Amino acid sequence: GWHIECSAMSHELLGTHSDIHARKIAEDELASERERLRVTLRAMVEAVITTDRHGVVNFMNEAAEQITGWEGGAAIGRTLAEVCPLQHERTSEPLPAPHERALTDALVVELPKATALVHRQGVRRLVEGRCAPIRDVASQPAGVVLVLRDMTERAKLEAEILRATKL
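All figures in this text were calculated on a predicted structure; none of them were measured in a lab.

Reading guide: rules and limits
Here the residue numbers are simple positions, counted from 1 along each chain's written sequence. Given that this is a predicted model, residues contribute local features only at a pLDDT of at least 70 and side-chain atom pairs are listed and counted only at 80 or more, while totals for whole chains, interfaces and linings are drawn from all residues. To get the side-chain values, take all heavy atoms of the structure and skip hydrogens and water. Working definition: helices are DSSP H or I runs of at least four residues, strands are E runs of at least two. Numbering for both runs from the N terminus. Note on classification: 1.4 Å probe, protein chains only; a residue is buried when its accessible area is under 20% of the maximum for its type, exposed when over 50%, partly exposed between these limits. By salt bridge we mean one thing: a side-chain nitrogen of Lys or Arg within 4 Å of a carboxyl oxygen of Asp or Glu. Only strands that DSSP links by at least two bridges are regarded as paired with each other. Aromatic pairs are defined between Phe, Tyr and Trp rings, using the six-membered ring for Trp, whenever the two ring centres lie within 6.5 Å; interplanar angles under 30 degrees are classed as stacked, those over 60 as edge-to-face, and all others as tilted. Either the NZ atom of lysine or the CZ atom of arginine qualifies as a charge over a ring when it sits within 6 Å of the ring centre and within 35 degrees of the ring normal. In this description, contact between two residues means that some pair of their heavy atoms is separated by no more than 4.5 Å. Here a polar contact is taken to be a pair of N or O atoms separated by no more than 3.5 Å, where protein atoms must pair a possible hydrogen donor with a possible acceptor and residues adjacent in sequence count only if both atoms sit in side chains.

**Examining the environment of Thr40**
So, point 1. Position of Thr40 among the secondary structure elements: in helix H1 (residues 2–43).
So, point 2. The exposure class assigned to Thr40 is partly exposed, which follows from its relative accessible area of 44%.
So, point 3. Each C-alpha atom of the pair Thr40 and Asn61 lies 9.7 Å from the other, and the pair is 21 residues apart in sequence.

Here's what the structure looks like:
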C-alpha cells in the first residue's frame, strides 16, 4: 500500500513540475513578445498612443511624447482629448477625439484631412492618422490605439513645389 501511495505522490509531483515548466515557457515567450513589441514601438517614427475604453491614455511611444509635448509618462492617466487636442488646420475648429467613434462604431477611424495637433507648448503640427478599437478576450471594446504621422515638413515641401511650378 505504501509503495502505491508513494508512486501516486511522485506522479502528482511530476505533473505539477511539468505544469510549472509549461507555464515558465509561456511566461518567457510572453516576456520576449512584450520586449519585441516595446522595441518596435520605440523604433517607430509614427506616434502611437493607446487608451482604455474611457479614452484615458495608458501608453505612448517616444514619437508620441515628442509630437504632443507630453514627455516622461506625464500623459498617462489623462484623457486623449487633453493630451492630443486636434483641430481643423485652416479654421482651428476643435475636432472631436477620434476614440469615441472608434469605440462606438467598432471600426478604424481615419483622421480628417487637414487635421492639426496642438503640441503642449501651443505649436501646431499637421498630422494624418487613424484610430482603431482594441478588444478584450470577450470581444468587448477595451480601448483604442491612435497612430499619428507628422506631415508638417512634407506639407511645406509640397507647397514649395507647387509655388515653384507656378513660377
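**Thoughts on the pattern of salt bridges**
So, point 1. Counted by the stated rule, this structure contains 13 salt bridges.
So, point 2. The salt bridge involving Arg125 is made with Glu153; its shortest N-O contact spans 4.0 Å. Here the residue Arg125 occupies a position in strand S7 (residues 124–135), and Glu153 occupies one in helix H5 (residues 152–166), the gap between them amounting to 28 residues.
So, point 3. Classification of Arg125 as partly exposed rests on a relative accessible area of 22%.
So, point 4. Accessibility expressed as a relative area gives 47% for Glu153, which makes it partly exposed.

**Topic: the pairing of strand S2 (residues 57–60)**
So, point 1. In terms of strand pairing, strand S1 (residues 47–52) meets S2 through three bridges, oriented antiparallel. Along S2, the bridge assignment pairs Ile49 with Met60.
So, point 2. Connecting the antiparallel pair S1 and S2 is a turn made up of four residues, with Gly55 showing a positive phi of about 80 degrees.

**Here we look at the packing of aromatic side chains**
So, point 1. In the structure shown here, the tally under the stated rule is zero aromatic pairs.
So, point 2. The residue whose ring lies beneath Arg120 is Trp70, and the NZ or CZ to ring-centre distance is 3.7 Å.

**Section: the environment of Glu71**
So, point 1. Inspection of the secondary structure assignment puts Glu71 in the loop between helix H2 (62–68) and helix H3 (80–83).
So, point 2. For Glu71, a relative accessible area of 49% gives the class partly exposed.
So, point 3. Each C-alpha atom of the pair Glu71 and Asn61 lies 9.6 Å from the other, and the pair is 10 residues apart in sequence.
So, point 4. Discounting chain neighbours no more than four positions away, the residues touching Glu71 are Glu65 and Gln66.

**Topic: the side chain of Asn61**
So, point 1. Considering the arrangement of structural elements, one finds Asn61 in the loop between S2 and H2.
So, point 2. Owing to a relative accessible area of 1%, Asn61 belongs among the buried residues under this scheme.
So, point 3. Looking at Asn61, its side chain comes within polar contact range of the main-chain oxygen of Glu46, at 3.0 Å.
So, point 4. A polar side-chain atom of Asn61 sits 3.0 Å from the main-chain amide nitrogen of Ala64.
So, point 5. Non-local contacts of Asn61, meaning those with residues more than four positions away in its chain, are made with Leu41, Met44, Glu46, Ala47 and Val48.

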